[in-house]
Amino acid sequence: MKVFVLNGPNLNLLGEREPEVYGTTTLGDIEKLVKSRAEDLKAEVDFRQTNHEGVLVDWLQEARGQADGVVLNPAALSHYSLAVRDAVVACGLPVVEVHLSNIFGREPWRAKSVVSGVADGVIVGLGPLGYVRALEALVAILES
Ligand code: DQA
């Protein structure tokens, strides 16, 4: 079972960026955490981050032929990118959306993700643990 874990803009700065919101764990730490759980689950993880909307769309299209499912944190693109939403639909795979912070308890405009309606599930507010839970959920969906 192969899973793409895709991260959007500014998530490369985790650990330094607004630590009061996102904590001090780096994206590299999250990658290790996810890969370690993936080993237990006998899943292979391809973990990536981009600051570019089009690259995220390209990766979702690539997932179509190469992955069984996707864990996706579209970051700020969640709130406005219809291209990412359409690419989630087009990839035809189970997708679990994840947000480190609780987007419902922050600025009102963050409470709306245009991606959520086409994701199989959404996990918010659990910090790095949310990625692990998203991977577990995806594996459960794929096994069912
Ligand atoms: C985020 C929440 C988004 O609103 C924000 O733009 C991010 C990170 C999260 O993981 O909590 O960059 O997706």
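Shown above is the structure to which this text applies.
Model, not experiment: these values are computed from the prediction.

Conventions we followed
Residues numbered from 1 in each chain as written. Predicted model: local features only at pLDDT ≥ 70, side-chain atom pairs only at ≥ 80, totals over all residues. Heavy atoms only, no water. Core = buried A, V, L, I, M, F, W, Y, C linked by side-chain atoms within 4.5 Å. Buried < 20%, exposed > 50% of the residue type's maximum accessible area, 1.4 Å probe, protein only. Helix = DSSP H or I, 4+ residues; strand = E, 2+ residues; numbered from the N terminus. Contact = heavy atoms within 4.5 Å. Pairing = 2+ DSSP bridges. Axes fitted to C-alpha atoms, helices over the stretch in contact; angles between N-to-C directions. Parallel < 35°, antiparallel > 145°, perpendicular 65-115°, else oblique. Left-handed = near helix turned anticlockwise from the far one by under 90°. Nonpolar A, V, L, I, M, F, W, Y, C, P; charged D, E, K, R; others polar. Right-handed = clockwise from strand over helix to strand, strands pointing away.

S.K.: For this particular structure, what's the right way to read the nonpolar core?
M.R.: Most often, soluble globular proteins have nonpolar side chains that are buried together. In this structure, Val5, Ile30, Val34, Val45, Phe47, Val71 and Tyr131 are the most contacted members of the largest nonpolar core, which totals 23 residues. In terms of residue count, helix 5 (residues 129–143) provides more of this core than any other element does, five residues in total. Not counting residues within four places of it along the chain, the set of residues in contact with Phe47 comprises Val5, Asn7, Leu27, Ile30, Glu31, Val34, Lys35 and Tyr131. One finds Phe4, Ala63, Leu72 and Val95 within the second-largest nonpolar core, a separate group that totals 19 residues.

S.K.: Looking at this model, I keep getting lost on the sheet that holds strand 4 (residues 95–99). Mind explaining?
M.R.: Paired through backbone hydrogen bonds, the strands of a sheet run either parallel or antiparallel to each other. Overall, parallel pairing links the five strands, which are arranged 2-1-3-4-5 in an open sheet. Looking along the sheet, the strands with just one partner apiece sit at the ends: strand 2 (44–49) and strand 5 (121–124). For this sheet, the mean inter-axis angle between neighbouring strands, taken without regard to orientation, is 15°. Where strand 1 (residues 2–7) and strand 3 (residues 69–73) come together, five bridges link them in parallel fashion. Paired with Leu6 across the strands is Leu72, a residue of strand 3. Strands strand 1 and strand 2 of the sheet are contacted by helix 2 (residues 27–40), whose axis makes an angle of about 165° with strand 2. Across the sheet, helix 5 lies against strand 1, strand 2, strand 3, strand 4 and strand 5, angled at about 155° from strand 3, the strand it touches most.

S.K.: I tried to follow the packing of helix 2 against helix 5 on my own but got confused; where do I start?
M.R.: In a packed pair of helices, the relevant descriptors are the angle between the two axes and the axis-to-axis distance. With their axes 9 Å apart at the nearest point, helix 2 and helix 5 run at an angle of 30° to one another. Viewed along their axes, helix 2 and helix 5 adopt a mutual orientation that is roughly parallel. Where helix 2 crosses over helix 5, the two elements pack in a sense that is right-handed. Contacts from Ile30, Leu33, Val34, Arg37 and Ala38 of helix 2 reach helix 5 at Tyr131, Val132, Leu135 and Glu136. The class makeup of the residues in the contact of helix 2 with helix 5 is seven nonpolar, no polar and two charged.

S.K.: Looking at this structure, I do not really get the pairing of strand 4. What am I missing?
M.R.: Every other side chain in a regular strand lies on the same face of the sheet, so the side chains alternate between the two faces. Among the five residues that make up strand 4, five are buried, leaving the element largely enclosed by the rest of the structure. Taking every second residue as pointing to the same face, both faces of strand 4 are buried, with Val95, Glu97 and His99 on one and Val96 and Val98 on the other. Pairing of strand 3 with strand 4 involves three bridges; the strand directions are parallel. The residue bridging Leu72 from the neighbouring strand is Glu97, located in strand 4. Taking the sense of rotation as the criterion, the β-α-β connection linking strand 3, helix 4 (residues 82–91) and strand 4 turns out right-handed. As judged from the four bridges shared by strand 4 and strand 5, these two strands associate in the parallel manner. By the bridge assignment, His99 is partnered in strand 5 with Val124.

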